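These are the residues of each chain, in order.
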Amino acid sequence: MAGVPDNPRYQLGLRDSLRILWPYVKRNFMNQVEGIWFIVVYLIVFQLLILQLPIAYAGMIAFGIFVVAVGLMFFMEGLRLGLMPLGEEIGSVLPKNSRMPVILVFAFLLGAGATFAEPAIAVLKAAGAGVKPAEAPLLYSLLNDFSGQLVSAVGVGVGVAVMLGVLRFFFMWPLKYLAIPAVAGLLSLSFYFSQVPLLSDVLGLAWDCGAVTTGPVTVPLVLALGIGVCRVVSGDSGGGNSGFGIVTLASLFPILAVLMLAMYHHTAGDYWGGPNYRGDTTVAAAVDVTAEPVIEIEKSLEPITDAEFQAYLDSGELPDGYELAMHGGNARLVNGKIEVLEPEMVITKPYRRDFTFTSSESWDTTIALDATAKTAFTDALRAIIPLCVFLYFVLRIVLRQRLQPRNDVGVGVTFAFVGMILFGAGIALGLTPLGGQLGSNVPVAFAEIFPWGLNHIEGPLFGADAGKVVAICFAFFLGYGATLAEPALNALGDTVERITVGAFRKKLLMQSVAFGVGCGIAAGIFKMAYGIPLFWMLAPPYLLVLVLTWISPDEFVNFSWDSAGVTTGPITVPLVLAMGLGVGANIPGVSDGFGILALASVGPILTVLGVGLYTQRVQRRAQRKVDETVETLAPADAN
Amino acid sequence: MFSKDHAVSMVTAVLPSAGVDRITDAVLQAPDSSAIIWQARGTLLREHWWQRFVPPISPAKTMVHLLAPNDEVPHLERTLVERARLPQQATGALYSPPCAHAYFGSEFNVWPSRDDTPAAQSGHKLTENLNIIYCTVGHKLSDRVSKAAISAGAHGPIVYYGEGRGLRDRLGWLRITKEHEQEVLMVIADESDADQVFDAMAKAGELHLPGRGFMYRMVIDRGMFHLASRVSHHHYQANMQQIINAIDHLSGHSHWRDQAVFDVGSGGRGVGIDDLAAERPLLRDQVRLSAIAPREQCPELMEFLLDSGAPGFTVTYGRFAANEQSEGIAGARVNAEYGMLRCVTNQPKAAQVCSAVESGAESAGFADVAMVTNPVPTVACYVPGGVDHRKPAPPVAA
């Protein structure tokens, strides 16, 4: 080696290190802020401007949102540095160093383990907390008596799905040939269920189970696994081979598993109130979250002071803002006019609230910071560490392969872990209260409620039907904004852009998916507001999806179905459920919030496939024009 | 020991993604022949305002690299042109610059020269006097440079991703701060056009400023390129190349292209005068090193090369297609992965790196490695100490 090289290894001091770190931190933080600013600003503006209600716990919410942004920053970097390279490494080595049975067992364990690591079923239990056993016995049993079996069924469903997804890469089956029969089967089974009264209650739960399965840790891992496998496996099938598809199947198969579990219990008869029930059927006071709005209470009144009374006596006129109520007396019809003799009149002064931006409490004293942090810590621990340990074990022991030297996987997993803790804590402190407020307050548009944090009734702002339309529009933008903030969708968008080498931009994918989810959630609130049975809301969009999938090119089918499985995640689900519960509590006859998430999953498939078909049509038509033009010019161009 | 002095060329083909496997099977007929294949895309210009929201999806392309001996090159070119139907509009490109030096490790698959190569009679004539321009820019910054290239008369650049390595990797744990993948744009142009395209791209990408990117231009003797730049709705609208060819034909010469239109400020435009922009020094007579190694060994090889004096690399990984491939699992082929490390430096440093590879690589454990060099006449990048005329001149000491 001649002389000292010009680029030796450096050891930088603290100040220089910070100079290099700062732009990196700033860049990543601003990326995350770009994702979440819309939903936060929208929620605040909606509550202040449209509902004209103050925001409670503003200080805590602001702090929580900042923590969410920081947590997301760490989490996304952790994905990029650690989890995704680990997944890709395993995926690229798996076909070379092991045989098919080992691969399938690994895929099944990964899928099943991921379900237990990210328990979204707890979320569904919250959605079903208001289910009364007398109204929907099978549903109640599934959620309470057989909840362990429910989780296991979902786990098995996801495991089988991952297995099939990995098999698909080897056998080059186009995703269409797996997804279309699966959806067709599910729809026919759902039709049968919708005709049987006991089973029709379970439909919402089943379809929602499919929507919530893959969470923000599973999706990038599974995507990276698929990409790794497709990097090394090649064959002669055209563009269908790109590593997507596992998430799709992991969203469809759990639905089948839950439906089959419900069918089994239905035939065995061991649900609440059924012939073989082994539990206690005394109507235990089910925690009644759906408190009936008390309509008889008068609107809150303010007492009229002596000075105001004196002013009335002096002027004899009714001042502004006072209400006059008249009853009693003798009414006679004289000469075409009604004359009332000696009626009783009561003048009242209704309460007028001053508009304030925030309510008096700036921090919710019932939430303890350390308890929140501890919950977030255990959740993150459970979600990330077992999966990573399992993957590392598989890589080193089963596949006998070391990670590349100078890899950043350890750093990445640590970042992801820290990020997830902060993210979970931030959501509990910031987004959940905000969403809860709005969820409870949105019905003020069409019903009388006790708004959050206030102690009097406010009436419908817009009247029954217009108010419901306002609620539906609110739901659309809520879905749109919350989806833009989802980390799993960000990871999918990055991956799609990387796989297509920039041909399909992340921004385009995210905007079309967010639009689709917004439409889906608006449809869900529409279903809830007007009481339409779930099957009739699900079947038309899914049938349209089947038709569009059949005629779409393979590349688009792959990641459009995956984007459906990715959407409902840790940000969307609490917000949507809070809103669903709030709206449902104010509409008589609605007992649970199921079904919205399932509708939110079908919207993005339609929008992304639509975008794909449109661009393909434009390009095909234009390419034909170019070819024609060239042919007419070619004779003159003989070089 | 590394063997040296093979007369090889790096045959590169840009093909539409569908059906690449059949084409590579047809080309890799000789035993021990191999190719490195990775994905790329073309670029299409946005023509309508609403395409900002629903942009045209760029065509997917695949780049195939073959290190073949010079005797085989005409036959390979002919096979590729026929199989991929390259003369058709908007399909792909093909070029094969000969390498100045080549070093092969003991285990690397060297393409053998055959004595019975059929004589090269090509039905399609390859265009002569071509230049190729490679431009490396940061993540998601390629749009501006692509637009400038297309406006200057080139086709839509072929873009692929590479990872930039070099200085940041020497900083220990701080290497996590490095940017995402870089985008490498590739444009093929006639020799007479290349100056204009090169300048336009350098200006749009502001490559004379530090940290913006790196661009170099190589001479390839012959090649063929038919790549699209736009997808248009309108009837009878000719694309840019057709218009330029037509004007060439009508005026009888191509000097009209030398006159650039530029802004003189306040909405005025001028033509025919030299651009009054900052003087941008260009580096001359550089050398491009390309090293090929299995993917698992690429990080270590990069450390070795950085230690020997190379300034930095762009690394692209691709899959390795060989002549006799073992069947993998369930009828699907399982390929190995190789990486290509590319670096452009001046000649003394290049010689230093090459001699280090020749003498030390085998003992350092890199047996399955190849390294080739190509001459690079012009490079545009940040040069410390360059003069920026936009700033006022420093006062001259009396």
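Rules used in this analysis
Residues numbered from 1 in each chain as written. Chains lettered and ligands numbered in written order. Predicted model: local features only at pLDDT ≥ 70, side-chain atom pairs only at ≥ 80, totals over all residues. Heavy atoms only, no water. Helix = DSSP H or I, 4+ residues; strand = E, 2+ residues; numbered from the N terminus. Buried < 20%, exposed > 50% of the residue type's maximum accessible area, 1.4 Å probe, protein only. Contact = heavy atoms within 4.5 Å. Areas by Shrake-Rupley, 256 points an atom, 1.4 Å probe, with all protein chains shown as cover. Pairing = 2+ DSSP bridges. Patch = residues over 30% accessible without salt bridge, like charges linked within 9 Å, V, L, I, M, F, W, Y side chains within 5 Å. Salt bridge = Lys/Arg side-chain N within 4 Å of Asp/Glu carboxyl O. Lys, Arg positive; Asp, Glu negative; His and termini not counted. Charge placed at Lys NZ, Arg CZ, Asp CG, Glu CD. pLDDT = per-residue confidence, 0-100. Expected span 1.5 Å × (residues − 1). 1 Å grid on protein atoms, 1.4 Å probe; cavity = no way out; pocket = protein on both sides within 12 Å on 5 of 7 lines; lining within 4 Å. Points joined across faces, edges and corners; volume = space filled by probe spheres on them. Nonpolar A, V, L, I, M, F, W, Y, C, P; charged D, E, K, R; others polar. Axes fitted to C-alpha atoms, helices over the stretch in contact; angles between N-to-C directions. Parallel < 35°, antiparallel > 145°, perpendicular 65-115°, else oblique. Phe/Tyr/Trp six-rings, centres within 6.5 Å; stacked < 30°, edge-to-face > 60°. Lys NZ or Arg CZ within 6 Å of the ring centre and 35° of its normal. Left-handed = near helix turned anticlockwise from the far one by under 90°. Disulfide = S-S within 2.5 Å.

**Student:** Can you walk me through the overall build of chain B in this structure?
**Tutor:** Counting secondary structure elements, chain B contains seven helices and 17 strands. Every one of the 398 residues in chain B was classed for burial, and the buried ones make up 53%. A fraction of 82% describes how many contacts in chain B between residues 6 or more apart in sequence connect residues 24 or more apart. Of the roughly 17800 Å² that chain B leaves accessible, carbon and sulfur atoms contribute 51%.

**Student:** Looking at this structure, how should I read the overall build of chain A?
**Tutor:** When its secondary structure is counted, chain A shows 21 helices and six strands. Looking at chain A as a whole, 53% of its 639 residues qualify as buried. Considering only residue pairs separated by 6 or more positions, chain A has 82% of its internal contacts joining residues 24 or more positions apart. In the form shown here, chain A has an accessible surface area of approximately 28100 Å², with 64% of it arising from carbon and sulfur atoms.

**Student:** I tried to follow the side chain of Gln32(A) on my own but got confused; where do I start?
**Tutor:** Residue and element names in this part refer to chain A. Inspection of the secondary structure assignment puts Gln32 in helix α1 (residues 14-50). Residue class for Gln32 comes out buried when judged on its relative accessible area of 9%. What Gln32 contacts, discounting residues up to four positions off in sequence, is Ala69, Leu72, Met73 and Met76.

**Student:** It is not clear to me how the pairing of strand β14 (residues 313-322) of chain B should be interpreted in this structure. Could you clarify?
**Tutor:** Looking along a regular strand, one sees the side chains alternate between the two faces of the sheet. Residues and elements named next belong to chain B. Among the ten residues that make up β14, ten are buried, leaving the element largely enclosed by the rest of the structure. Relative to strand β16 (residues 336-346), β14 runs antiparallel, the two sharing seven bridges. By the bridge assignment, Val315 is partnered in β16 with Leu341.

**Student:** I'm lost on a positive patch on the surface in this one. Help?
**Tutor:** A cluster of basic residues, Lys507(A), Arg46(B), Arg52(B) and Lys147(B), forms a positive patch on the protein surface. Positionally, Arg46(B) belongs in the loop between β3 (34-41) and β4 (60-69).

**Student:** What is the right way to look at the pattern of salt bridges in this model?
**Tutor:** Between side chains of opposite charge, a pair can form as their charged atoms come close. Scanning the entire structure with this criterion turns up 15 salt bridges over all chains. A salt bridge links Arg80(A) to Glu77(A); its shortest N-O distance comes to 3.0 Å. Of this pair, Arg80(A) and Glu77(A) both sit in helix α2 (residues 58-97), separated by three residues, roughly a single helical turn. Arg78(B) is the partner of Glu82(B) in a salt bridge, and the nearest nitrogen-oxygen pair spans 3.9 Å. Of this pair, Glu82(B) and Arg78(B) both sit in helix α2 (residues 73-84), separated by four residues, roughly a single helical turn. Under the relative-accessibility criterion, Glu82(B) is labelled partly exposed at 47%. The structure contains a network of salt bridges with shared partners spanning Glu88(A), Arg231(A), Arg498(A), Arg295(B) and Glu337(B).

**Student:** What is the right way to look at the confidence of the model for chain A in this model?
**Tutor:** All names here are of chain A. Looking at chain A as a whole, its pLDDT mean stands at 82, while 90% of the residues score no less than 70. Considering only residues more than four positions removed or in separate chains, one finds that residues 285-298, a stretch of pLDDT under 50, has 16 contacts. Segment residues 634-639: pLDDT under 50, and zero contacts once partners within four positions in sequence are set aside and those in other chains are kept.

**Student:** Looking at this model, I keep getting lost on helix α20 (residues 572-585) of chain A. Mind explaining?
**Tutor:** Since the α-helix turns once every 3.6 residues, residues separated by three or four places project in the same direction. Between its terminal C-alpha atoms α20(A) stretches 20 Å, which fits the 20 Å expected from 14 residues at 1.5 Å a residue. Among the residues making up α20(A), those that are buried are Thr572(A), Val573(A), Leu575(A), Val576(A), Leu577(A), Met579(A), Gly580(A), Gly582(A), Val583(A) and Gly584(A).

**Student:** Hey, could you run me through the sheet that holds strand β3 (residues 323-327) of chain A in this one?
**Tutor:** By way of backbone hydrogen bonds, the strands of a sheet pair with one another, either parallel or antiparallel. Residue and element names in this part refer to chain A. Taken together, three strands build an open sheet; the order of strands is β2-β6-β3 and the sheet is antiparallel. Two strands bound the open sheet, and with one partner strand each, they are β2 (301-302) and β3. Taken together, the five bridges between β3 and strand β6 (residues 344-350) define a ladder with antiparallel strand orientation. Residue pairing in the sheet places Ala325 in a bridge with Val346 of β6.

**Student:** Help me out: how do you make sense of empty space enclosed by the protein in this one?
**Tutor:** Which parts of space are left empty comes out when a probe the size of a water molecule is rolled across the atoms. Scanning the entire structure with this criterion turns up eleven cavities of 30 Å³ or more. Roughly 110 Å³ of volume is contained in the largest cavity. Considering the residues around the largest cavity, the lining is formed by 14 residues, among which Ser251(A), Leu252(A), Tyr542(A), Ala564(A) and Ser601(A) are closest to the centre. Breaking the lining of the largest cavity down by element, the ones donating at least two residues are α9 (202-212), α11 (246-268), α19 (554-567) and α21 (596-633) of chain A. The element contributing the most residues to the lining of the largest cavity is α11(A), with four residues. Partitioning the lining of the largest cavity into residue classes produces nine nonpolar, five polar and no charged. Ser34(B), Leu66(B), Leu67(B), Phe108(B) and Ile292(B) are the residues nearest the centre of the second largest cavity, which is lined by 13 residues in total. Among the secondary structure elements, those contributing two or more residues to the lining of the second largest cavity are β3 and β4 of chain B. Its residues assigned to classes, the lining of the second largest cavity shows ten nonpolar, three polar and no charged.

**Student:** I tried to follow α9(A) on my own but got confused; where do I start?
**Tutor:** The buried fraction of α9(A) amounts to eleven of the eleven residues, a majority that puts the element mostly inside the structure. Along α9(A), the residues classified as buried are Val202(A), Leu203(A), Gly204(A), Leu205(A), Ala206(A), Trp207(A), Asp208(A), Cys209(A), Gly210(A), Ala211(A) and Val212(A).

**Student:** What is the right way to look at the packing of α9(A) against helix α18 (residues 534-551) of chain A in this model?
**Tutor:** Think of two packed helices as two axes; the pair is described by the angle between the axes and how far apart they sit. Residues and elements named next belong to chain A. Between α9 and α18, whose axes approach to 10 Å, the crossing angle comes to 40°. As judged from the angle between their axes, α9 and α18 are oblique. Contact residues: Leu203, Gly204 and Trp207 in α9; Leu534, Phe535, Leu538 and Tyr542 in α18. Classifying every residue of the contact of α9 with α18 gives six nonpolar, one polar and no charged.

**Student:** Can you help me understand the packing of aromatic side chains in this one?
**Tutor:** To describe a pair of aromatic rings, one takes the distance between the centres and the angle between the planes. For the structure on display, the rule yields 30 aromatic pairs over all chains. Positioned above the aromatic ring of Tyr530(A) is the side chain of Lys468(A), whose terminal nitrogen or guanidinium carbon lies 5.1 Å from the ring centre.

**Student:** I tried to follow the packing of helix α10 (residues 218-232) of chain A against helix α16 (residues 487-499) of chain A on my own but got confused; where do I start?
**Tutor:** All names here are of chain A. Running from amino to carboxyl end, α10 crosses α16 at an angle of 20°, the nearest separation of the two axes being 9 Å. By the angle between their axes, α10 is roughly parallel relative to α16. Note on packing geometry: the crossing formed by α10 with α16 is right-handed. Contact with α10, carried on its side by Val219, Pro220, Leu223 and Ile227, involves Ala488, Ala491, Leu492, Thr495 and Ile499 of α16 and no other residues of that element. Counted by class, the contact of α10 with α16 contains eight nonpolar, one polar and no charged residues.

**Student:** What's the story with the confidence of the model for chain B in this structure? I'm lost.
**Tutor:** Atom-level detail of predicted coordinates should not be read off regions where pLDDT is low. All names here are of chain B. Residues at a pLDDT of 70 or more form 80% of chain B, whose mean pLDDT is 79. Element-level pLDDT for chain B is lowest in strand β11 (residues 261-265), with a mean of 60, against a maximum mean of 91 in strand β9 (residues 182-190). Segment residues 273-278: pLDDT under 50, and seven contacts once partners within four positions in sequence are set aside and those in other chains are kept. Two summary scores accompany this predicted model of the complex, namely pTM at 0.84 and ipTM at 0.80.

**Student:** Which parts of the structure should I look at to understand a nonpolar patch on the surface?
**Tutor:** All names here are of chain A. Taken together, Trp37, Val41, Val45, Leu49, Ile50, Leu461 and Phe462 make up a surface patch of nonpolar side chains, about 610 Å² in accessible area. Mapping Val41 onto the fold places it in helix α1. Note on Val41: relative accessible area 40%, which makes it partly exposed.

**Student:** Would you mind going over the side chain of Thr372(A) with me for this structure?
**Tutor:** All names here are of chain A. Inspection of the secondary structure puts Thr372 in helix α13 (residues 369-398). Note on Thr372: relative accessible area 12%, which makes it buried. In contact with Thr372, not counting residues within four places along its chain, are Ile367, Ala425, Ala428 and Leu429.

**Student:** What is the right way to look at the environment of Pro574(A) in this model?
**Tutor:** Residue placement: Pro574(A) occurs in helix α20. Between the C-alpha atom of Pro574(A) and that of Thr372(A), which follows or precedes it by 202 residues, the distance is 16 Å.

**Student:** Can you help me understand the state of the cysteines in this one?
**Tutor:** Defined simply, a disulfide is a covalent bond joining two cysteines at their sulfur atoms. Residues and elements named next belong to chain B. The full count for this structure, using the stated rule, is zero disulfides over all chains. Left unpaired, Cys343 is separated from the closest cysteine sulfur, that of Cys354, by 9.8 Å. For Cys343, a relative accessible area of 2% gives the class buried.

**Student:** Can you help me understand the environment of Leu174(B) in this one?
**Tutor:** With respect to the helices and strands, the residue Leu174(B) is situated in the loop between β8 (158-165) and β9. Owing to a relative accessible area of 2%, Leu174(B) belongs among the buried residues under this scheme. C-alpha separation for the pair Leu174(B) and Ala84(B), spaced 90 residues apart in sequence, amounts to 45 Å. If we skip the residues at most four places from it in the chain, Leu174(B) touches Leu12(A), Ser17(A), Ile20(A) and Leu21(A).

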